[in-house]
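# Fold and contact review
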Amino acid sequence: MNARDKGTIGRLRDGIAQLKREKFQLLQLIAAAPVGFALLDQNLRFVRINAALKVIDGHLANDHIGHTLREVIPEQASTLEPLCREVLRNQRPILNIQINGSVHGRANARVCLASLYAVRLDGKMLNLGLIIRDVSSYKLETIGLFSSLMTEDFNTVLAAIAG
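Here's what I pulled together on the structure shown here. (Residues numbered from 1 in each chain as written. Predicted model: local features only at pLDDT ≥ 70, side-chain atom pairs only at ≥ 80, totals over all residues. Heavy atoms only, no water.)

A count of helical and extended segments in the protein chain gives 6 helices and 5 strands. Order of helices (α) and strands (β) in the protein chain, N terminus to C terminus: α-β-β-α-α-α-α-β-β-β-α. Per-residue burial for the protein chain yields a buried fraction of 29% across its 163 residues. Taking the intrachain contacts of the protein chain between residues at least 6 apart in sequence as the baseline, contacts between residues at least 24 apart amount to 37%. Total accessible area on the protein chain is roughly 11,000 Å²; 59% of this is exposed by carbon and sulfur atoms. (Helix = DSSP H or I, 4+ residues; strand = E, 2+ residues; numbered from the N terminus. Buried < 20%, exposed > 50% of the residue type's maximum accessible area, 1.4 Å probe, protein only. Contact = heavy atoms within 4.5 Å. Areas by Shrake-Rupley, 256 points an atom, 1.4 Å probe, with all protein chains shown as cover.)

In structure tokens:
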């Protein structure tokens with residue numbers, strides 16, 4: 001083997017090592033994200049999820065993988081399924097759709113924003129990316145702020161009438 005071939009092999013090894021580092025970083029980024037990530041196939045079956053999705057919807061990974069949206073999150077499926085099919089059909093993302101419902105039999109309702117987008121993993125098979133962000137606490141903050149503003153306005157009006 002000549003020096004040129006050795007140099008080429010060295011560059012290929014360096015490139016492969018760089019790709020492995022980038023893949024690891026990307027997987028760490030997705031795993032640590034405070035939003036739920038899922039990959040669904042064309043039949044709307046879960047292929048892969050991250051840890052945050054387990055926290056958001058209250059199901060374990062085994063409850064997701066291989067199961068449909070309707071099987072895992074039946075309350076939200078009626079909202080999500082038509083949107084998923086639309087994204088698969090036209091390959092345009094749909095962003096920040098509000099979905100509501102109780103989670104895994106819990107009494108307290110959750111409010112989430114869902115975004116859907118087409119993903120081609122191998123350049124051929126079309127899959128679906130799903131990002132879910134729980135915004136329940138933001139909704140409660142907004143309602144609380146609105147209520148306090150209304151109370152202040154109401155108190156001002158009452159003071160004006162009484163004064």
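Bridge analysis of strand β1 (residues 36-40) against strand β2 (residues 46-49) gives 3 bridges, and the strand direction is antiparallel. Paired with L40 across the bridge in β2 is F46. (Pairing = 2+ DSSP bridges.)

When the charged atoms of two side chains lie near each other, side chains of opposite charge can form a pair. Scanning the entire structure with this criterion turns up 2 salt bridges. Salt-bridge contacts for R45 lead to E71; the nearest nitrogen and oxygen are separated by 3.8 Å. With a gap of 26 residues between them, R45 in the loop between β1 and β2 and E71 in helix α4 (residues 69-72) connect regions that are remote in the sequence. Relative accessible area serves as the criterion here: at 32%, R45 is assigned to the partly exposed category. The exposure class of E71 is partly exposed, given its relative accessible area of 48%. (Salt bridge = Lys/Arg side-chain N within 4 Å of Asp/Glu carboxyl O.)

In this section: the nonpolar core. Soluble globular proteins tend to pack their nonpolar side chains together in the buried interior. Within the largest apolar cluster, 24 residues are counted, with the highest numbers of intra-cluster contacts made by F46, L69, L116, L128, L130 and I132. Counting residues per element, this core draws most heavily on helix α5 (residues 74-90), at 6 residues. Once you skip the residues sitting within four places of it in the chain, L69 turns out to touch L40, L44, F46, P74, A77, L80, E81, C84 and L130. (Core = buried A, V, L, I, M, F, W, Y, C linked by side-chain atoms within 4.5 Å.)

With that out of the way, let us pick up α5. Its 17 residues give α5 an end-to-end C-alpha distance of 24 Å, which sits within 8% of 24 Å, the value for a rise of 1.5 Å per residue. What α5 keeps buried is the set Q76, A77, L80, E81, L83, C84, V87 and L88. Phi turns positive one or two residues past the end of α5, at Q91, with a value near 60°. (Expected span 1.5 Å × (residues − 1).)

Relative to the helices and strands, V111 resides in strand β4 (residues 109-120). Sequence separation between V111 and R133 is 22 residues, and the spatial gap between their C-alpha atoms is 8.7 Å.

Looking now at unusual backbone geometry. At Q91, a position not held by glycine, the phi torsion is positive, near 60°. Within the secondary structure layout, Q91 lies in the loop between α5 and β3 (94-102). Take Q91: its relative accessible area is 40%, and that puts it in the partly exposed class. Positive phi outside glycine occurs at N96, with the angle close to 55°. Structurally, N96 is set in strand β3.

As a further point, take the side chain of N127. Relative to the assigned elements, N127 resides in strand β5 (residues 126-134). The contacts of N127, once residues within four sequence positions are left out, are L39, L40, D41, Q42, L88, Y117, A118, V119 and L121.

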